[in-house]
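# Structural overview
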Amino acid sequence: QVQLVESGGGLVQPGGPLRLSCVVSGSDVIILTVGWYRQAPGKQRELVATITSGGSTSYGDSVKGRFTISRDNAKNTVYLQMNSLKPEDTAVYYCNADLRKQATTAIHNVWGQGTQVTVSS
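Residues numbered from 1 in each chain as written. Predicted model: local features only at pLDDT ≥ 70, side-chain atom pairs only at ≥ 80, totals over all residues. Heavy atoms only, no water.

Before going further, it helps to examine the overall build of the protein chain. The number of helices and strands found in the protein chain is zero helices and eleven strands. Secondary structure elements in the protein chain, listed N-terminal to C-terminal, are β-β-β-β-β-β-β-β-β-β-β. Relative to the compact-globule value of 14 Å for 121 residues, the protein chain shows a C-alpha radius of gyration of 14 Å, a close match. The C-alpha extent of the protein chain, read off along each of the three principal axes, is 50 × 25 × 25 Å. Across the 121 residues in the protein chain, those meeting the buried criterion constitute 40%. Counting contacts in the protein chain only where the partners sit at least 6 residues apart, residues at least 24 apart contribute 55% of the total. Of the charged side chains in the protein chain, 11 are positive and 8 negative, and the gap between their average positions amounts to 1 Å. (Helix = DSSP H or I, 4+ residues; strand = E, 2+ residues; numbered from the N terminus. Rg over C-alpha atoms; globule rule 2.2 N^0.38 Å. Buried < 20%, exposed > 50% of the residue type's maximum accessible area, 1.4 Å probe, protein only. Contact = heavy atoms within 4.5 Å. Lys, Arg positive; Asp, Glu negative; His and termini not counted. Charge placed at Lys NZ, Arg CZ, Asp CG, Glu CD.)

Written as structure tokens, this is what we have:
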């Protein structure tokens, strides 16, 4: 069974950095596009960043220049490096991935359980 497990969340002061990790577990899995999303209390879930299997990236306007998404295919892991954090970055951060089993064509979209990021002094 394929799972996404996020880690790295926590409490950080404004202006500080934090790095989130999303590990894809499961055998014979091909990881296609992966995205980080976030949801603050009372708000809709929003896209933070995406990275394709080829390494192309895109970012939400509110995080451009501060956040960097990257992937380590050997470790089945996608990272979100967050710098210059602001209180408005406080949210639950979710990892989302399009996955395909080797020797199959069906693409499955999977969500992680989320990790809390709180930016506060």
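Next comes the rest of the description.
Here we come to the sheet that holds strand S1 (residues 3-7). In spatial order, the strands read S1-S3-S8-S7; together these four strands make up an open sheet with antiparallel pairing. Looking along the sheet, the strands with just one partner apiece sit at the ends: S1 and strand S7 (67-72). Direction aside, neighbouring strands of the sheet carry axes that sit 15° apart on average. Across six bridges, strand S3 (residues 18-25) lies against strand S8 (residues 77-82) in antiparallel orientation. (Pairing = 2+ DSSP bridges. Axes fitted to C-alpha atoms, helices over the stretch in contact; angles between N-to-C directions.)

Our focus in this paragraph is unusual backbone geometry. For Asp-28, which is not glycine, the phi torsion reads 55° and is therefore positive. Mapped onto the elements of the fold, Asp-28 is located in the loop between S3 and strand S4 (29-39). The class for Asp-28 is partly exposed, based on a relative accessible area of 49%. Phi angles above zero are rare outside glycine, and Ala-103 is one such case at about 70°. Assignment of secondary structure puts Ala-103 in the loop between strand S9 (91-101) and strand S10 (107-111).

Spatial relationships are all this shows, so hold off on functional conclusions.
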